[in-house]
Amino acid sequence: MRILHTADWHLGRTLEGRSRLAEQEAFIDELVEIVRNEQIDVILMAGDVFDSVNPPAAAEQLFYESLARLSDKGRRPVAVISGNHDHPDRISAARTLLSDYHIFLFGRPEASVCQIDVPSCGETMMLAPLAYPSESRLAELLSSDHRETALRDRYDDRIRALLTAMAASFTEKTVNIVMSHLYVAGGHTSDSERPIEVGGAYTVAAASLPKAAQYVALGHLHRPQDVKRAETAARYSGSPLAYSFSEAGHAKSVTVVDVHPGGAASVTEIPLAAGKPLVRWKATEGLAQVYRWCEEGKDPSCWVDLELHVTEPLTMEEIYRLRKLHAGFVHIRPVFPQRVEETAEMSRETLSLEEMFCRFYKRQTGGQTPDEELVRLFLELAAEEEKEGGEE
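Note that this is a predicted model, so its numbers are computed, not measured. Every chain begins its residue count from 1, and numbering advances along the sequence as written. Confidence filtering applies because this is a predicted model: local features only for residues at pLDDT of at least 70, side-chain atom pairs given and counted only at 80 or more, and all residues used for totals across whole chains, interfaces and linings. Side-chain metrics rest on all non-hydrogen atoms present in the structure, leaving aside hydrogens and water.

### A look at the pairing of strand E7 (residues 114-118)
Step number 1: Note on exposure labels: buried denotes an accessible area under 20% of the residue type's maximum, exposed denotes more than 50%, and partly exposed covers the range between, all computed with a 1.4 Å probe on protein chains only. Secondary structure follows DSSP: runs of H or I at least 4 residues long count as helices, runs of E at least 2 residues long count as strands, and numbering of each begins at the N terminus. Burial of the side chains of E7 is restricted to one face: Cys114, Ile116 and Val118 are buried, whereas none of Gln115 and Asp117 on the reverse face is.
Step number 2: Strand pairing is assigned whenever DSSP detects at least two bridges linking the two strands. Here five bridges tie E7 to strand E8 (residues 123-130), and the two strands are oriented antiparallel to one another. Within E8, the residue paired with Cys114 across the bridge is Leu127.
Step number 3: In sequence, E7 turns back onto E8 through a hairpin of four residues, with Gly122 there showing a positive phi of about 70°.

Pasting the structure below:
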(Lines give C-alpha, C1' and ligand atoms only; values in the text may rest on other atoms or scores of the structure.)
Protein backbone atom coordinates (compact mmCIF):
# COMPACT_ATOMS: atom_id res chain seq x y z
CA MET A 1 0.00 0.00 0.00
CA ARG A 2 1.30 3.45 -0.95
CA ILE A 3 0.17 6.22 1.38
CA LEU A 4 0.66 9.94 0.84
CA HIS A 5 0.85 11.91 4.09
CA THR A 6 0.30 15.67 4.03
CA ALA A 7 -0.85 18.28 6.57
CA ASP A 8 -1.10 21.95 7.49
CA TRP A 9 -2.47 23.36 4.26
CA HIS A 10 -3.81 26.47 6.05
CA LEU A 11 -6.07 27.35 3.13
CA GLY A 12 -7.07 31.01 3.28
CA ARG A 13 -3.93 32.15 5.06
CA THR A 14 -2.38 35.46 4.07
CA LEU A 15 1.12 36.89 4.49
CA GLU A 16 0.77 40.34 6.06
CA GLY A 17 -2.44 40.86 4.08
CA ARG A 18 -1.12 39.33 0.85
CA SER A 19 -3.22 36.48 -0.52
CA ARG A 20 -1.56 33.06 -0.84
CA LEU A 21 -4.56 31.47 -2.57
CA ALA A 22 -2.88 31.27 -6.00
CA GLU A 23 0.11 29.53 -4.41
CA GLN A 24 -2.19 27.12 -2.58
CA GLU A 25 -3.99 26.32 -5.83
CA ALA A 26 -0.60 25.61 -7.43
CA PHE A 27 0.23 23.27 -4.54
CA ILE A 28 -3.00 21.31 -5.06
CA ASP A 29 -2.17 20.98 -8.78
CA GLU A 30 1.28 19.67 -7.85
CA LEU A 31 -0.17 17.32 -5.24
CA VAL A 32 -2.58 15.81 -7.76
CA GLU A 33 0.34 15.27 -10.14
CA ILE A 34 2.42 13.58 -7.41
CA VAL A 35 -0.47 11.30 -6.48
CA ARG A 36 -0.78 10.17 -10.09
CA ASN A 37 2.94 9.79 -10.78
CA GLU A 38 3.63 7.95 -7.53
CA GLN A 39 0.57 5.71 -7.93
CA ILE A 40 -0.71 6.57 -4.46
CA ASP A 41 -3.39 4.29 -2.99
CA VAL A 42 -4.51 6.36 0.03
CA ILE A 43 -4.16 10.02 1.06
CA LEU A 44 -3.96 11.14 4.69
CA MET A 45 -4.36 14.83 5.57
CA ALA A 46 -3.35 15.36 9.23
CA GLY A 47 -5.15 18.57 10.13
CA ASP A 48 -5.16 22.35 9.75
CA VAL A 49 -7.01 22.27 6.45
CA PHE A 50 -7.90 25.92 6.96
CA ASP A 51 -6.14 28.77 8.70
CA SER A 52 -9.14 29.79 10.78
CA VAL A 53 -12.40 28.39 12.10
CA ASN A 54 -14.25 30.69 9.69
CA PRO A 55 -12.32 30.46 6.40
CA PRO A 56 -13.16 32.51 3.29
CA ALA A 57 -15.49 30.91 0.74
CA ALA A 58 -12.67 30.60 -1.82
CA ALA A 59 -10.66 28.50 0.64
CA GLU A 60 -13.60 26.16 1.26
CA GLN A 61 -14.19 25.82 -2.46
CA LEU A 62 -10.53 24.93 -3.01
CA PHE A 63 -10.71 22.29 -0.26
CA TYR A 64 -13.71 20.49 -1.73
CA GLU A 65 -12.31 20.72 -5.25
CA SER A 66 -9.07 19.19 -4.01
CA LEU A 67 -10.95 16.30 -2.36
CA ALA A 68 -12.79 15.58 -5.61
CA ARG A 69 -9.58 15.59 -7.65
CA LEU A 70 -7.52 13.55 -5.19
CA SER A 71 -10.17 10.88 -4.61
CA ASP A 72 -10.62 10.37 -8.36
CA LYS A 73 -14.37 9.84 -8.03
CA GLY A 74 -14.02 7.44 -5.10
CA ARG A 75 -11.30 5.23 -6.57
CA ARG A 76 -8.71 6.55 -4.10
CA PRO A 77 -9.60 6.88 -0.38
CA VAL A 78 -8.87 10.22 1.30
CA ALA A 79 -8.98 10.75 5.09
CA VAL A 80 -8.91 14.18 6.75
CA ILE A 81 -8.83 15.20 10.42
CA SER A 82 -9.27 18.65 11.94
CA GLY A 83 -6.36 20.56 13.43
CA ASN A 84 -6.21 23.30 16.03
CA HIS A 85 -6.91 25.98 13.38
CA ASP A 86 -10.01 24.17 12.07
CA HIS A 87 -13.56 24.22 13.39
CA PRO A 88 -14.22 20.51 14.03
CA ASP A 89 -17.86 20.67 12.93
CA ARG A 90 -16.98 22.52 9.72
CA ILE A 91 -14.53 19.76 8.78
CA SER A 92 -16.99 16.93 9.45
CA ALA A 93 -20.15 18.67 8.14
CA ALA A 94 -20.11 16.89 4.77
CA ARG A 95 -18.91 13.48 6.00
CA THR A 96 -22.21 11.68 5.26
CA LEU A 97 -22.34 13.06 1.74
CA LEU A 98 -18.70 12.29 0.95
CA SER A 99 -18.34 8.85 2.56
CA ASP A 100 -19.84 7.20 -0.55
CA TYR A 101 -16.83 8.58 -2.46
CA HIS A 102 -14.31 7.07 -0.01
CA ILE A 103 -13.66 10.50 1.53
CA PHE A 104 -13.53 10.26 5.33
CA LEU A 105 -13.76 13.41 7.47
CA PHE A 106 -13.10 13.47 11.23
CA GLY A 107 -13.80 16.67 13.15
CA ARG A 108 -13.84 15.75 16.83
CA PRO A 109 -11.48 13.43 18.74
CA GLU A 110 -13.14 10.06 19.29
CA ALA A 111 -11.78 6.65 20.27
CA SER A 112 -12.99 4.92 17.12
CA VAL A 113 -11.12 3.26 14.27
CA CYS A 114 -12.02 3.55 10.59
CA GLN A 115 -11.69 0.50 8.34
CA ILE A 116 -10.76 1.56 4.81
CA ASP A 117 -10.76 -0.97 2.01
CA VAL A 118 -8.25 0.03 -0.66
CA PRO A 119 -9.22 -1.52 -4.00
CA SER A 120 -6.12 -0.38 -5.93
CA CYS A 121 -3.83 -2.63 -3.85
CA GLY A 122 -6.33 -5.18 -2.53
CA GLU A 123 -5.47 -4.42 1.12
CA THR A 124 -7.30 -2.93 4.11
CA MET A 125 -6.20 -0.07 6.31
CA MET A 126 -7.20 0.23 9.94
CA LEU A 127 -6.95 3.98 10.57
CA ALA A 128 -6.97 5.50 14.07
CA PRO A 129 -7.89 9.14 13.26
CA LEU A 130 -7.45 11.26 16.38
CA ALA A 131 -8.50 14.80 15.43
CA TYR A 132 -6.91 17.63 17.42
CA PRO A 133 -7.60 16.58 21.02
CA SER A 134 -7.71 19.75 23.11
CA GLU A 135 -9.26 19.63 26.56
CA SER A 136 -12.35 21.47 25.29
CA ARG A 137 -12.79 19.21 22.25
CA LEU A 138 -12.39 16.14 24.43
CA ALA A 139 -15.17 17.72 26.54
CA GLU A 140 -13.60 16.73 29.82
CA LEU A 141 -11.59 18.32 32.61
CA LEU A 142 -8.23 16.61 32.53
CA SER A 143 -6.96 17.91 35.86
CA SER A 144 -8.23 20.13 38.67
CA ASP A 145 -4.59 20.82 39.52
CA HIS A 146 -3.59 23.97 37.62
CA ARG A 147 0.14 23.29 37.75
CA GLU A 148 1.59 22.92 34.26
CA THR A 149 3.42 19.68 35.04
CA ALA A 150 0.27 18.07 36.45
CA LEU A 151 -1.81 19.05 33.42
CA ARG A 152 0.90 17.89 31.01
CA ASP A 153 1.14 14.48 32.69
CA ARG A 154 -2.64 14.08 32.76
CA TYR A 155 -2.93 15.13 29.11
CA ASP A 156 -0.21 12.69 28.08
CA ASP A 157 -1.93 9.90 30.01
CA ARG A 158 -5.27 10.69 28.34
CA ILE A 159 -3.87 10.74 24.81
CA ARG A 160 -1.90 7.55 25.42
CA ALA A 161 -5.07 5.84 26.68
CA LEU A 162 -7.05 7.00 23.64
CA LEU A 163 -4.43 5.80 21.17
CA THR A 164 -3.97 2.50 22.99
CA ALA A 165 -7.72 1.86 22.92
CA MET A 166 -7.83 2.61 19.20
CA ALA A 167 -4.79 0.45 18.48
CA ALA A 168 -6.59 -2.52 20.04
CA SER A 169 -8.50 -2.83 16.74
CA PHE A 170 -5.30 -3.32 14.71
CA THR A 171 -4.75 -6.78 13.20
CA GLU A 172 -1.91 -8.64 11.53
CA LYS A 173 -3.85 -8.75 8.25
CA THR A 174 -4.34 -4.99 7.96
CA VAL A 175 -2.17 -1.92 7.45
CA ASN A 176 -2.33 -0.17 10.83
CA ILE A 177 -2.00 3.63 10.86
CA VAL A 178 -2.46 6.37 13.45
CA MET A 179 -3.15 9.94 12.29
CA SER A 180 -3.34 12.89 14.68
CA HIS A 181 -2.70 16.62 15.12
CA LEU A 182 -0.45 16.85 18.17
CA TYR A 183 2.66 18.44 19.56
CA VAL A 184 5.05 15.61 20.36
CA ALA A 185 7.82 16.65 22.74
CA GLY A 186 11.11 17.45 21.03
CA GLY A 187 9.78 18.64 17.67
CA HIS A 188 11.25 21.69 15.90
CA THR A 189 8.73 24.53 15.73
CA SER A 190 8.47 27.77 13.72
CA ASP A 191 6.73 31.12 14.22
CA SER A 192 3.86 30.28 11.87
CA GLU A 193 2.39 27.56 14.10
CA ARG A 194 -0.25 28.71 16.53
CA PRO A 195 0.66 27.14 19.90
CA ILE A 196 -1.58 24.25 20.89
CA GLU A 197 -0.19 23.94 24.37
CA VAL A 198 -0.47 26.19 27.42
CA GLY A 199 3.21 26.42 28.22
CA GLY A 200 4.08 22.77 27.67
CA ALA A 201 0.78 21.43 28.96
CA TYR A 202 -0.63 20.03 25.69
CA THR A 203 2.47 18.00 24.96
CA VAL A 204 2.62 14.27 24.27
CA ALA A 205 5.68 12.11 24.89
CA ALA A 206 7.05 10.24 21.89
CA ALA A 207 6.79 6.99 23.87
CA SER A 208 3.01 7.52 24.12
CA LEU A 209 2.57 6.84 20.39
CA PRO A 210 1.39 3.23 20.06
CA LYS A 211 4.01 0.70 19.07
CA ALA A 212 1.29 -1.38 17.39
CA ALA A 213 0.95 1.26 14.66
CA GLN A 214 3.09 0.72 11.58
CA TYR A 215 3.17 4.47 10.92
CA VAL A 216 1.99 7.59 12.77
CA ALA A 217 1.03 10.49 10.45
CA LEU A 218 1.23 13.78 12.35
CA GLY A 219 0.24 17.37 11.71
CA HIS A 220 0.97 20.71 13.41
CA LEU A 221 4.72 21.32 12.99
CA HIS A 222 5.53 23.05 9.69
CA ARG A 223 9.03 21.67 9.23
CA PRO A 224 9.09 18.09 7.84
CA GLN A 225 10.68 15.86 10.48
CA ASP A 226 10.74 12.41 11.99
CA VAL A 227 9.73 11.96 15.62
CA LYS A 228 12.75 10.90 17.61
CA ARG A 229 12.44 8.40 20.43
CA ALA A 230 9.12 7.04 19.10
CA GLU A 231 8.83 3.25 19.18
CA THR A 232 7.40 3.16 15.67
CA ALA A 233 7.80 5.17 12.47
CA ALA A 234 6.26 8.60 13.16
CA ARG A 235 6.59 11.80 11.17
CA TYR A 236 5.39 15.35 10.61
CA SER A 237 4.93 15.92 6.88
CA GLY A 238 5.18 19.70 7.35
CA SER A 239 3.27 22.48 5.63
CA PRO A 240 3.27 22.75 1.81
CA LEU A 241 4.15 26.47 1.87
CA ALA A 242 6.35 28.63 4.07
CA TYR A 243 3.97 30.71 6.17
CA SER A 244 6.41 32.92 8.12
CA PHE A 245 9.93 34.25 7.62
CA SER A 246 11.13 31.92 10.37
CA GLU A 247 10.68 29.24 7.67
CA ALA A 248 12.95 31.03 5.19
CA GLY A 249 15.17 28.45 3.54
CA HIS A 250 13.10 25.46 4.68
CA ALA A 251 12.50 22.82 2.01
CA LYS A 252 8.84 21.78 1.74
CA SER A 253 7.63 18.28 0.92
CA VAL A 254 5.01 15.59 1.29
CA THR A 255 5.69 12.11 2.65
CA VAL A 256 5.08 8.82 0.86
CA VAL A 257 4.84 5.66 2.98
CA ASP A 258 5.13 2.14 1.55
CA VAL A 259 3.81 -0.50 3.92
CA HIS A 260 2.20 -3.95 3.86
CA PRO A 261 0.32 -5.81 6.61
CA GLY A 262 2.78 -7.03 9.22
CA GLY A 263 5.73 -5.17 7.65
CA ALA A 264 7.82 -2.14 8.53
CA ALA A 265 6.99 1.17 6.90
CA SER A 266 9.34 2.62 4.30
CA VAL A 267 9.25 6.45 4.26
CA THR A 268 10.17 8.68 1.30
CA GLU A 269 10.16 12.48 1.13
CA ILE A 270 8.84 14.05 -2.10
CA PRO A 271 9.94 17.70 -2.49
CA LEU A 272 7.46 20.39 -3.48
CA ALA A 273 8.08 23.20 -5.96
CA ALA A 274 4.83 25.17 -5.62
CA GLY A 275 4.66 28.40 -3.67
CA LYS A 276 6.89 31.44 -3.46
CA PRO A 277 9.97 31.05 -1.25
CA LEU A 278 10.38 33.42 1.68
CA VAL A 279 13.80 35.10 1.80
CA ARG A 280 15.61 37.65 3.96
CA TRP A 281 17.68 40.48 2.51
CA LYS A 282 20.16 42.38 4.68
CA ALA A 283 21.27 45.54 2.88
CA THR A 284 24.20 46.80 4.97
CA GLU A 285 25.26 49.20 2.18
CA GLY A 286 21.96 51.09 2.12
CA LEU A 287 19.45 51.89 -0.62
CA ALA A 288 22.00 51.70 -3.45
CA GLN A 289 22.59 48.04 -2.65
CA VAL A 290 18.86 47.25 -2.78
CA TYR A 291 18.47 49.10 -6.10
CA ARG A 292 21.37 47.08 -7.49
CA TRP A 293 19.86 43.79 -6.36
CA CYS A 294 16.54 44.70 -7.97
CA GLU A 295 18.24 45.64 -11.25
CA GLU A 296 20.09 42.31 -11.19
CA GLY A 297 16.77 40.48 -10.76
CA LYS A 298 17.55 38.97 -7.38
CA ASP A 299 14.83 36.63 -6.05
CA PRO A 300 12.19 37.86 -8.54
CA SER A 301 9.44 35.45 -7.46
CA CYS A 302 10.00 35.50 -3.69
CA TRP A 303 8.43 37.16 -0.70
CA VAL A 304 11.14 39.36 0.85
CA ASP A 305 11.86 40.54 4.39
CA LEU A 306 14.21 43.51 3.89
CA GLU A 307 16.52 44.79 6.61
CA LEU A 308 17.83 48.10 5.27
CA HIS A 309 20.71 49.95 6.93
CA VAL A 310 20.22 53.72 6.61
CA THR A 311 21.44 56.92 8.27
CA GLU A 312 18.19 58.84 7.78
CA PRO A 313 14.52 57.75 7.96
CA LEU A 314 13.07 56.51 4.66
CA THR A 315 10.76 58.88 2.82
CA MET A 316 7.41 57.76 1.42
CA GLU A 317 8.83 58.25 -2.10
CA GLU A 318 11.72 55.88 -1.36
CA ILE A 319 9.39 53.25 0.07
CA TYR A 320 7.08 53.58 -2.93
CA ARG A 321 10.03 53.18 -5.33
CA LEU A 322 11.23 50.06 -3.52
CA ARG A 323 7.81 48.42 -3.70
CA LYS A 324 7.54 49.32 -7.38
CA LEU A 325 10.95 47.75 -8.10
CA HIS A 326 10.06 44.49 -6.33
CA ALA A 327 6.46 43.44 -5.72
CA GLY A 328 7.58 40.83 -3.17
CA PHE A 329 8.65 43.19 -0.39
CA VAL A 330 6.60 42.27 2.68
CA HIS A 331 8.63 44.02 5.38
CA ILE A 332 10.94 46.99 4.87
CA ARG A 333 12.72 47.48 8.19
CA PRO A 334 15.09 50.44 8.41
CA VAL A 335 18.03 49.91 10.77
CA PHE A 336 20.20 52.76 12.03
CA PRO A 337 23.62 51.18 12.72
CA GLN A 338 24.94 54.32 14.46
CA ARG A 339 22.09 54.22 16.99
CA VAL A 340 22.58 50.50 17.55
CA GLU A 341 26.29 51.14 18.15
CA GLU A 342 25.57 54.00 20.54
CA THR A 343 23.13 51.83 22.51
CA ALA A 344 25.69 49.03 22.71
CA GLU A 345 28.36 51.51 23.82
CA MET A 346 26.11 52.87 26.54
CA SER A 347 25.37 49.36 27.78
CA ARG A 348 29.11 48.70 28.12
CA GLU A 349 29.69 51.88 30.13
CA THR A 350 28.75 52.51 33.73
CA LEU A 351 26.75 55.72 33.44
CA SER A 352 24.80 57.62 36.04
CA LEU A 353 21.08 58.11 35.52
CA GLU A 354 21.71 61.79 34.79
CA GLU A 355 24.30 60.98 32.07
CA MET A 356 22.00 58.43 30.44
CA PHE A 357 19.15 60.95 30.35
CA CYS A 358 21.36 63.64 28.81
CA ARG A 359 22.59 61.29 26.07
CA PHE A 360 19.04 60.14 25.36
CA TYR A 361 17.83 63.76 25.16
CA LYS A 362 20.61 64.74 22.75
CA ARG A 363 19.87 61.78 20.48
CA GLN A 364 16.15 62.53 20.39
CA THR A 365 16.56 66.28 19.77
CA GLY A 366 19.38 66.21 17.25
CA GLY A 367 22.16 67.27 19.64
CA GLN A 368 20.51 69.74 21.99
CA THR A 369 21.51 69.74 25.66
CA PRO A 370 18.79 69.62 28.34
CA ASP A 371 18.73 72.55 30.76
CA GLU A 372 19.39 72.08 34.46
CA GLU A 373 15.73 72.47 35.45
CA LEU A 374 14.64 69.66 33.09
CA VAL A 375 17.37 67.33 34.38
CA ARG A 376 16.42 68.10 37.98
CA LEU A 377 12.74 67.38 37.27
CA PHE A 378 13.57 64.07 35.60
CA LEU A 379 15.76 62.95 38.52
CA GLU A 380 13.03 63.86 41.01
CA LEU A 381 10.44 61.85 39.08
CA ALA A 382 12.80 58.89 38.80
CA ALA A 383 13.53 58.99 42.53
CA GLU A 384 9.81 59.19 43.32
CA GLU A 385 9.09 56.19 41.07
CA GLU A 386 11.86 54.16 42.70
CA LYS A 387 10.52 55.00 46.17
CA GLU A 388 6.97 53.93 45.24
CA GLY A 389 8.28 50.70 43.73
CA GLY A 390 10.20 49.85 46.92
CA GLU A 391 7.10 50.27 49.08
CA GLU A 392 5.01 47.72 47.19
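### Structural notes on the pattern of salt bridges
Step number 1: Whenever Lys or Arg places a side-chain nitrogen within 4 Å of a carboxyl oxygen from Asp or Glu, that contact is recorded as a salt bridge. Following the criterion strictly, the structure yields 18 salt bridges and no others.
Step number 2: A salt bridge links Arg160 to Asp156, with the shortest nitrogen-to-oxygen separation between them at 2.8 Å. Note that Arg160 and Asp156 are positioned in helix H6 (residues 148-167) at a spacing of four residues, about one turn of the helix.
Step number 3: You can call Arg160 partly exposed: its relative accessible area is 31%.
Step number 4: Three or more residues joined by partner-sharing salt bridges are found here, namely Arg2, Glu38 and Asp258.

### Brief notes about the sheet that holds strand E11 (residues 225-226)
Step number 1: On the basis of which strands lie adjacent, the open sheet formed by six strands has the order E7-E8-E9-E10-E12-E11 and mixed pairing. The open sheet has two free edges, formed respectively by E7 and E11, since each of these has just one partner strand.
Step number 2: Pairing analysis gives three bridges linking strand E10 (residues 215-219) to strand E12 (residues 234-236), with the strands arranged parallel. In the sheet register, Leu218 faces E12, and the bridge partner there is Tyr236.

### Considerations on the side chain of Asn176
Step number 1: When you line up the elements, Asn176 lands in strand E9 (residues 175-181).
Step number 2: In this structure the side chain of Asn176 is engaged in a polar contact, spanning 2.7 Å, whose partner is the side chain of Thr174.
Step number 3: With residues up to four places along the chain from it excluded, the contact list for Asn176 reads Met126, Phe170, Thr171, Ala212, Ala213, Gln214 and Tyr215. Polar contacts here mean pairs of N or O atoms no more than 3.5 Å apart (in protein, one a potential hydrogen donor and the other a potential acceptor; neighbouring residues in sequence count only if both atoms are side-chain atoms). Any two residues having at least one pair of non-hydrogen atoms within 4.5 Å are treated as being in contact.

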